[in-house]
Every structure is written in C-alpha cells, then in structure tokens.
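Observations on the model geometry
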Amino acid sequence: MSQTFLGWADVAERLRKQADAQQRLATDSPNAKPRLNEGQCASLRAIADRVVNNGVVIADEVGMGKTRIAVDVAKSVFESGGRVAILVPPGLGDQWQTELRDGGLADVPPILRTLRSFLEVWNEEDPANQQPWFNKKVIVISHILSRWRLGNRSDSLSFALLPELFAQWGKYRKRDMPYGYHTSETLYYATPFHAAKSIVEHVQQLRDHSQYKWLDELIDKVKWQRLLKPGEYFKNGEIRGYLERSVGLGLGTFDLVIIDEAHKSRDEKSGLSNLLESVLMKSMSTRRIAMTATPVELDVSQWESTLKRLDLSKAVLKKVGEVCQRYQHAVERLRKTWRTSEEARREYSAAAKLFQDEMSPYLLRRDKREEESILKFREYTNLPFHEYRQQIEIHVDTESLIPEWKQAWRHAICAAEALSLLTTPADKLGTQRMRLTMGNGHGVSRFLDEFHRSDDDQKQDASDAKSDLPQKFSRPKTAFDAKREERAKWWRESIGRSLGNGDEALLFHPAMLKAVETIEKATKDGEKVLVFGKFTRPMRALVSLLNAKAMLTAIEADTPWPQAVIHGEQNDSLNQSDWPAVRAAREQLGCKLSLEEIAAKMKESSKVDERNRRAFRENLIMQIKVGMSEMENVGARNRAIFAAFKESMETTPPKLPTVARAIAELIGDVSEKTSALKIAVAFCELVQAMSDHDSFDDDDDDDADKVEAAAKWEIIERRLNEEISQARGSFARLMFGETRPESRRMIQAGFNRASSNPRVLVAQSLVGREGLNLHHACRIVVLLHPEWNPGVVEQQIGRVDRVGSHWSQQLDQAITNKSPAESLKRIEVRPIIFRGTYDEWNWDVLKTRWANLRAQLHGIVIESEATPMDSEFSALIAEIKKNSPDFSPKSYSSSFAAH
C-alpha cells in the first residue's frame, strides 16, 4: 500500500481519457448505456482543467449525477496511487457504497461513523492480521465522526488512544515510559495499545516532518496525567484537540477529500468543519472536491463559506466575497430598473462577467437546462425549459370554513390571532408560537392537551415550575394586567371550546383536509405522492387519516384489505390508536357503517386477503429459485441468504408468512400469473433493504460462509417481523427521525415501484430531503409545511426530479404516442397555503428568496416568461440573459484554459 501518488497532472490525464472513453461508447454503440452522460463527461474534463491548481465545487442541480462524477474522480486518484477520503452525511453511506461499487471501487470498507469503529480495525494482536485505516486507499467517513460526547464518566476506551500514543512515541524517542503507565486502570483495553503502536510505526516509515513535530509537541508540552482524566476531553478543550489529531494520524494523509452535501454545517465549530480542519491530515498537494446542489441558499455571503470548504487562502475568499456582493447589488438594481436604465444593465453585465471570471476556477454547475429530458420537453412543447415543473398552490381560506368542524377551526384561528395581541411579555413566546403554527397544525394538540388537563394538574405544574423570565418582566401586576390576563384566559378557553379533543381536532384541521383532498385526487389518477412536513404530530395525523380513509373505501367496495383489526382502544389518543382516525374518516366519507360493523368487515376482508396470500406462498421458495436462475446478476450475498432462508424454512416453517407478505407488498398485486423473475427480484430487494450493507461482501464467490449467511438471515427475519408488526397501514407511510434505517429502505423500495404500496410517503424534511432516490414512480411533491430556505425546497423537489425519473419516462411515452403538447404531465409542486395565517407570509418570503437563488445559481435575473413582453423588452431580456453568468462545464470549459 506504499505506492507513491503520481500527482494531479496524472489524475487530470486519466479523467480526460475516462470522459473520452465514455463518449466513444455512446457514439459507437447506440444501444449501450454509458455510465456517464455527455454533461458528466464535460464535468470530468472541466475538473481535469482545474484540479491541478485547486479544488472544485460541483454544484450541479439536484438529481443530475454529482456522485457519479465524484466517484470517477476518486477512481482516477486511486489509479494514480493516491488516497481518498469521502465525507458523507449520516444516512448516505449505503448510497455511496453502491455508487463506489458500480464505479469500479468495490474494495471500500464500511462507512466510518464512530471512534470505536475506528479502533476496531486494530483488535487483532498480530500486526499481520490488522487492517489499519492508513493502509486503505478509499475511506468513507461520516460527517459526525468527531462528534464524541466525552466527559467525566466516559469509558476509557473512548480516549485511551491518546495516552497510548503518548507512551509509544516517547518509547520511540528513547524516553522512559510515563510514570504509572503499566499499572493505570485507564489503559485497560488492548485495542488502543495496538492502534497506537501501529500508528507510531507508520509515522516512522513516512518520516513526515509535520507528523514528527506534532508528536514531539505532544510528549513535550502535555502532562501525562492530564491524558488519563476523562474530564479533559470535553468539546473544544486542548486535550480534545490532541485526541482528534491522533485519530487523523490513524486515518493517514489523504490526497483527495470529497465532501458530500458541503453546504451542511457551515459553522466553524460544526462537526464537519472540525473533521476537515482538526482531524483529517493533508499534504501541500491535497485537493478537496465539495458537492452541493445549493452552494448558496439564503444569503450571497454563503458563497464564501462554501468555497472555504476547498481550503482556499483568506485572500482568495475575501476577493470572492467582494465580487459576490457586487453581483448581488447589481442584480437588485437591475430588477428595479431594467426597462429604463441602460446604466443598470451595463453595471449588471460588468458585475456578472467579474462574478463568472472569479468563480469559474472553483465552481462547476450543470442545471436542468442541459438534462436530456428537459431538452426534449422544450423542443416538443416550445415552452421555456423551467415549465417542465408546475407549481400549483393549494389554498385554504378562512372564509370557506363553513361545515361544523371547519367553522370550529375558523373560531380557533381567529381566537389565536386575538390572543397574540393580548399576551404579556411573560407568556408572549408560547402564544406567538401557537399563532404562527396554527395554520399548519403544529402545537395545536399540545395546547389543547394543556387546556383539557384538570385544575389539580395545572396547579401542580405551577408549583413545580421555575420561572426563567428576564428580570425586566418581573414587575408588580397592575389592574390593567389582571384584566388583560382575564381576556387572554377567555380566548384560550374559546379555542378549547371550539376544538374539543386535541387529536380529534387535528384530524379535521383545514390544511389537513385540503392536503388529503389533494393527495387522494392524485392517487385516484394512478399517481404516487411525496409529502414533506416538519412537525411530526400533524404528519402522523395525516398518515393515519389517509390510511383510515383508504381502508374504509376498500371495505365499502368489498375489496380485500390486509389489516384484520383496528389498533388501540377507542378512547386512546392518536399516537396510540387508529380509532380517532377511523372515526374522522367515517365522518368525512359519510360512511353509514357503525364502528362495530367496520371492525367486523375488516376481519372478514382480511380472511379473503389471507387466502390470496396463502396461495401465493405455497410455491414461494420454488418461485424464488426459478426466478434467480433467470436473473443476470444475483450476487453471492443474495444466493447465500436465500439458501439460509430456505434452510430455516425446513426447521421453522411458520416464518414463511412474514416473508411472503413482505414480498407481496413490494410487488403489489400478486396472483398465479406473477412471474418467478418478478418474485426473485422482489426477494433480492428485500434482502437489500433489510441488510447491513457494510458487513457482507457481494462478490462472485459461491462458497460464501454459510454460518455468516445464516446469521444475516436471522437479522433480516427479525427486522421483517418488526417492520410488518409496526406497520399501521400501507397506503401511506411516515418516515421521520425515529424510523429505523432498514424501515426507510423498505419504504423507499416500495415507493419506487409503481404497482406497490405505499402510494403516499410522508417524510419529515430533515430525514427525507437529502440522499433518497424517490423518483422511479413519483412526480408529485406536496409541501405540507413550506420551508424558509429555498435550497431546502430544491432538495425536497429533487427527490423526484432526477435523471431517469418517472416523469421523464412518462414524457418519452407521450412523445412516442404523439400526445398533444398541452396534455404532457409535469413535475408538480403543491404547497398547502392557509390564507390569512402566518403560512401565507412564509410562502411569499420563500418565493422571493427562491428568485434570488435562481439569480445566483442559474443566472435567471428577470422572470420574463411570467409577463408578456413586446419586441423591445424581449430584446432587453435576451441581452440580459446573454450576459448572465454560466458555470456549465459544457459552455465554459473551453475558455477556461485561456483564462
């Protein structure tokens, strides 16, 4: 593993050859499917032009294949003898492992997430059996690797590496072992000892002056006893910094660092920043490649923090900041006076050119205007490229809240507005929060829970509470204060009287009903719907209500339904029971069946469904075996785990129904005509979703360890049982922070199949907006809780707006069928906007910020298509567009060399 890195000129040449080879494949073999498209090949050439001198930000729009470009760069560095670190957010390790394997880098260890995982590679006493990190050419590292929670009670395994390194380096420098080293209880574990010894031997061989100097500083300046105290390892402490650097020594020096989602954690004290600046070792020639679809989101100053990821000098960053500010000011002035001011247009042209010239050595961005399906859409329809997306605002109006439950919400919303004007500074925060979130349902149930509690409970809370109000508010109450508090109490009680039970009320929230109406209309048309929200309680309510309505609809139509019982008790809250949602669905649908009749019909319906499933699983094992023989690439993992599954069925047959049900749900409608190939593919997808991808090699070795495969199958089976038992309905599923990784993969697999459940995926924004491919069967995104940040919304839409999307397949079919241009389907974005509430202002602010984002990233300064223009204004628009910055590798790479 001691091959010398041949340098960046060699890497650049390999990148150009790879791009040429991919394009020749596309030209010479029209039926072939090259790994990279034309735009990605152009990116490789553009990176080759730049990487000899500096790092690069790959800022392609969401879903255009940045990861594949980065993998090819990593492979070129690997082939040139260099080492690569890939820093990825939590949850994206599996995706990266797949992309690396597909790109020819199969021998990459599991993603490194924790300090203990870092140490585990040295758990063998024999150095010949150890697999130290510094000997691995490509490593995938979590953004949160250095987020260690160390303190006075920490186990010494978490920090013993540093004192061991101190002792071993002192020994190498011919010093005595530290006093008490051999008797210290802190140094109980063998693994840190092996790691420290291995690292010291590695540093000796490298003879790196900077690493020698750092280790000498450690033993010269730091007192030994401090290293044995867990309390010294608190975040931002001096000793903590030494521990971080010792981990960096164990990882080794990297020639290339790839940073996925580089816009995350911009703060200098964040985990990602700490990893880059304090942990990873770099040389004078180390390059960084930052990947982000949103290098700037809210403010033009974020360009500087994004480019800082490339380890550029302060002078360069300062100049970049000045140029970006000048460009933003020119954009703002042009928007106001572009029709009348030639000077504003000249100023914009000059600022845009300077912006492009200054940023192009570091920035590449392809947008959807270059994507093949968008070009087809534009040519077929003669519409502007951006109209492949359709933004449909779903409005909720307080004036339209006429039915009884809607009228109650109208009273509640008005009462919340009144309450916000009456509160004192002491309780202002709580009531403001309720007012600001009333339009989307967040906080409503919690407020109502408080309202419905007994007086004794409220008195106990008041007695236990400790005031944290600022001193300036602690003044004697006046008569005016007392009257204001009485009025506020009346409005609070008014809200409670209007809405009654909190969970029941949330199921009738006007925005909730409008979202359900929008979603159900789309699913009846055969579409799948991806919903993004922020707050889990309304999201849970939405999923429960959708599933309850789907169940009642099926029962009334005498359609088999797999669920036999309604979970929970009738008087339980929504979090523990499905009954509140069933009652709400029954009322909203006008269902004439009683609750008892519904329960009885569910049992009968599930029996019919069970008969169908029994017939399906009778020959399931044989069908999987036959189907695998028809598959092109089964893989050792799938063959071995299928063998383990088959063997387990011979000893414990009752396990079969769970597997059969899971496969049936992935396939969708199953029957006697379901092909063996389809069943086998579904089984392999099931294994993929339920497995720990990092711990089982997928090669062509048919003699994979049977014992290991059996152990893997036991894990898969246990997770399947948990998944099936916890699912409360399959029409709609919720994905949020507490959703297990294997459940997320299972949900994702089903959602990406056109014929299977879930039909609706409700995802919490923090969990679902990055790293998930949800585009194979969905083109509609509903924004239940619109965000402030346009970059976040772009990430959300990007889950379905990706290369090879369901929409692009529909487009190809429509063009083949010569369908009228006006009938073509679009990628639809449907925000739920509650007029007259905070939601409406939130949406207006978001749209303004979105326009600013387009100016920065797309060069779209004037939204000309929104308003008809005469020929004179059209000419001005064309001139402005011509002078706008463009960072596409296809249009600017050729001129970069001259620059």
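No experiment lies behind these values; they were computed from the predicted model shown.

Regarding its fold elements, the chain presents 37 helices and 13 strands. Looking at the chain residue by residue over its 899 residues, the buried ones come to 54%. A separation threshold of at least 6 residues defines the contact pool for the chain, and within that pool the share at least 24 residues apart is 80%. For the chain, the computed accessible surface area is about 42,200 Å², with 48% contributed by carbon and sulfur atoms.

With that settled, the discussion passes to helix α13 (residues 314–337). A turn of α-helix holds 3.6 residues, and therefore any two residues three or four places apart point the same way. Taking 1.5 Å as the rise per residue, α13 with 24 residues should run 34 Å; its terminal C-alpha atoms sit 35 Å apart, in good agreement. For α13, every residue scored as buried is listed here: L317, V320, G321, V323, C324, Y327, Q328, A330, V331 and L334.

Between helix α6 (residues 161–172) and helix α8 (residues 209–221), the least distance of the axes is 9 Å, while the angle of their chain directions is 105°. One element, α6, and the other, α8, form an angle in the roughly perpendicular class. Only Y212, W214, L215, D216, L218 and I219 of α8 make contact with α6, whose side of the interface consists of L162, L165, F166, W169, G170 and Y172. Across the contact of α6 with α8, the residue classes tally to 10 nonpolar, one polar and one charged.

Burial analysis of strand β2 (residues 84–88) places five of its five residues in the buried class, which makes it a mostly covered element. Burial along β2 is two-sided: V84, I86 and V88 and A85 and L87, pointing in opposite directions, are all buried. Across five bridges, β2 lies against strand β3 (residues 138–142) in parallel orientation. Opposite L87, over in β3, you have I141 as the bridge partner. The sheet contact formed by β2 and strand β4 (residues 253–259) spans four bridges and is parallel. Bridged to V84 within β4 is L256.

Moving on: the packing of aromatic side chains. Under the criterion given, the structure shown has 22 aromatic pairs. Residues F166 and W224 carry aromatic rings whose centres are separated by 5.5 Å and whose planes lie at 45° to one another, so their mutual orientation is tilted. Here the residue F166 occupies a position in helix α6, and W224 occupies one in helix α9 (residues 224–227), the gap between them amounting to 58 residues. For the ring pair F642 and F645, a centre distance of 6.3 Å and an interplane angle of 50° mean the geometry is tilted.

Residues K603, K607, R611 and R614 make up a contiguous surface patch of positive charge. Note that R611 resides in helix α25 (residues 595–617).

Core analysis: the biggest nonpolar cluster contains 119 residues, and F118, L251 and L530 have the highest contact counts within it. Ranked by residues supplied to this core, first place goes to α13 with eight residues. Discounting chain neighbours no more than four positions away, the residues touching L530 are F751, L761, A763, L774, C778, I780, V781, V782, Q796, R799 and V800.

Pairing is parallel in the open sheet, where six strands are placed in the order β3-β2-β4-β5-β1-β6. Here the strands that pair on one side only, and so sit at the sheet edges, are β3 and β6 (363–364). Together, β1 (56–58), β2, β3, β4 and β5 (281–291) form the strand contacts of helix α3 (residues 66–79), whose direction differs from that of β4 by roughly 170°.

Bringing helix α23 (residues 536–556) into the picture now. Counted at 1.5 Å a residue, the expected span for α23 with its 21 residues is 30 Å, and the 30 Å between its end C-alpha atoms agrees. Most of α23 sits inside the fold, with 16 of its 21 residues counted as buried. Two residues or fewer after α23 comes D558, characterised by a positive phi angle close to 55°.

Turning to its location among the elements, K368 is positioned in the loop between β6 and α15 (372–381). We classify K368 as buried; its relative accessible area is 2%. Among the polar contacts made by the side chain of K368, one reaches the main-chain carbonyl oxygen of V62 at a distance of 3.1 Å.

Two side chains of opposite charge can pair, provided their charged atoms sit close to one another. Across all of its chains, the model carries 39 salt bridges by this definition. When the shortest N-O distance is used, the salt bridge between R116 and D155 registers 3.5 Å. Of the two residues, R116 is situated in helix α5 (residues 115–120) and D155 in the loop between β3 and α6; the sequence distance between them amounts to 39 residues. With a closest N to O distance of 3.9 Å, E517 and K514 form a salt bridge. Of this pair, E517 and K514 both sit in helix α22 (residues 510–524), three residues apart, which is roughly one turn of the helix. One network of salt bridges, in which partners are shared, links E527, R779, K825, E828 and R830.

Rules used throughout
Residues numbered from 1 in each chain as written. Predicted model: local features only at pLDDT ≥ 70, side-chain atom pairs only at ≥ 80, totals over all residues. Heavy atoms only, no water. Helix = DSSP H or I, 4+ residues; strand = E, 2+ residues; numbered from the N terminus. Buried < 20%, exposed > 50% of the residue type's maximum accessible area, 1.4 Å probe, protein only. Contact = heavy atoms within 4.5 Å. Areas by Shrake-Rupley, 256 points an atom, 1.4 Å probe, with all protein chains shown as cover. Expected span 1.5 Å × (residues − 1). Axes fitted to C-alpha atoms, helices over the stretch in contact; angles between N-to-C directions. Parallel < 35°, antiparallel > 145°, perpendicular 65-115°, else oblique. Nonpolar A, V, L, I, M, F, W, Y, C, P; charged D, E, K, R; others polar. Pairing = 2+ DSSP bridges. Phe/Tyr/Trp six-rings, centres within 6.5 Å; stacked < 30°, edge-to-face > 60°. Patch = residues over 30% accessible without salt bridge, like charges linked within 9 Å, V, L, I, M, F, W, Y side chains within 5 Å. Salt bridge = Lys/Arg side-chain N within 4 Å of Asp/Glu carboxyl O. Lys, Arg positive; Asp, Glu negative; His and termini not counted. Charge placed at Lys NZ, Arg CZ, Asp CG, Glu CD. Core = buried A, V, L, I, M, F, W, Y, C linked by side-chain atoms within 4.5 Å. Polar contact = N/O pair within 3.5 Å; in protein donor to acceptor, adjacent residues only side chain to side chain.

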